Amino acid sequence: MAGRYKAYSEYNDSGVKWLGDLPTHWVVLGLGKAVDFMCNGSAATQHEQTDDSVAVTRIETISDGTFNFEKVGHVWPKDVME
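Because the structure is a prediction, the values reported are computed rather than measured.

## Focus: the overall build of the protein chain
- Each helix and strand in the protein chain was counted, giving two helices and four strands.
- Traced from its N-terminal end to its C-terminal end, the protein chain shows the element sequence β-β-α-β-β-α.
- The buried share of the protein chain, taken over its 82 residues, is 13%.
- Across the protein chain, contacts joining residues at least 24 apart in sequence account for 31% of those joining residues at least 6 apart.
- Surface accessibility of the protein chain: about 7400 Å² in total, with carbon and sulfur atoms responsible for 54%.

## Focus on the pattern of salt bridges
- On inspection of all chains with the given rule, the structure shows two salt bridges.
- A salt bridge links K71 to E60, with the nearest nitrogen and oxygen atoms 3.8 Å apart. Highlighted residues: K71 in the loop between β3 (54–56) and β4 (73–75) and E60 in the loop between β3 and β4, separated in sequence by eleven residues.
- A salt bridge links D79 to K78; the nearest nitrogen and oxygen atoms lie 3.0 Å apart.
- Classification of K78 by relative accessible area gives exposed; the value is 56%.

## Quick look at the confidence of the model for the protein chain
- Across the protein chain, pLDDT averages 82, with 83% of residues at or above 70.
- Model confidence for the protein chain, summarised as mean pLDDT per element, is weakest for helix α1 (residues 31–34) at 70 and strongest for strand β1 (residues 11–13) at 95.

## Description of a nonpolar patch on the surface
- A cluster of nonpolar side chains, namely I59, I62, F67 and F69, defines an oily patch on the protein surface of about 470 Å² accessible area.
- Mapped onto the secondary structure, I62 falls in the loop between β3 and β4.
- Classification of I62 as partly exposed rests on a relative accessible area of 41%.

## Observations concerning the environment of R58
- Tracing the backbone through its elements, the reader meets R58 in the loop between β3 and β4.
- Residues R58 and S42, 16 residues apart in the sequence, show an inter-C-alpha distance of 9.7 Å.
- Beyond its immediate chain neighbours, meaning those up to four positions away, R58 contacts Q46 and K71.

The rules behind each value
- Along each chain, numbering runs from 1 in the same order as the chain's sequence is written.
- In view of the model being predicted, local features appear only for residues whose pLDDT reaches at least 70, and side-chain atom pairs are presented and counted only at 80 or more, with totals across whole chains, interfaces and linings using the full set of residues.
- Excluded from the side-chain calculation are hydrogens and water; included are all heavy atoms of the structure.
- Secondary structure elements follow DSSP: runs of H or I no shorter than four residues count as helices, runs of E no shorter than two count as strands, and numbering proceeds from the N terminus.
- For each residue, the accessible area found with a 1.4 Å probe, counting protein chains only, is set against the maximum for its type, and the residue is called buried under 20%, exposed over 50%, and partly exposed in between.
- Here, residues are in contact when the closest pair of their heavy atoms is within 4.5 Å.
- Residue exposure ignores everything except the shown protein chains as possible cover, and the areas themselves are Shrake-Rupley values with a 1.4 Å probe.
- When a carboxyl oxygen of Asp or Glu is within 4 Å of a side-chain nitrogen of Lys or Arg, the pair counts as a salt bridge.
- As a per-residue measure, pLDDT reflects the predictor's confidence and takes values from 0 up to 100.
- Grouping into patches uses exposed residues only, defined as over 30% relative accessible area, and leaves out salt-bridged ones; the cut-off is 9 Å for like charges and 5 Å for nonpolar side chains (Val, Leu, Ile, Met, Phe, Trp, Tyr).

Structure, rendered in structure tokens:
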């Protein structure tokens, strides 16, 4: 993937060892502060990933203790927020 995206002009240390340097305009937050909306389930129809879709997951995605990206689906944001 090297070369696929243009590098940012400035980076700062994230303060998180495994994360490393981040673009200066990015903010590091805990998950609870980063998520404005969570719901228990969604009836949204899943489709192929696009630039405008958001990822959704179920417990089966992590059921064996690892994250199985093949089981992640994608939905339109408006369908999840209704």
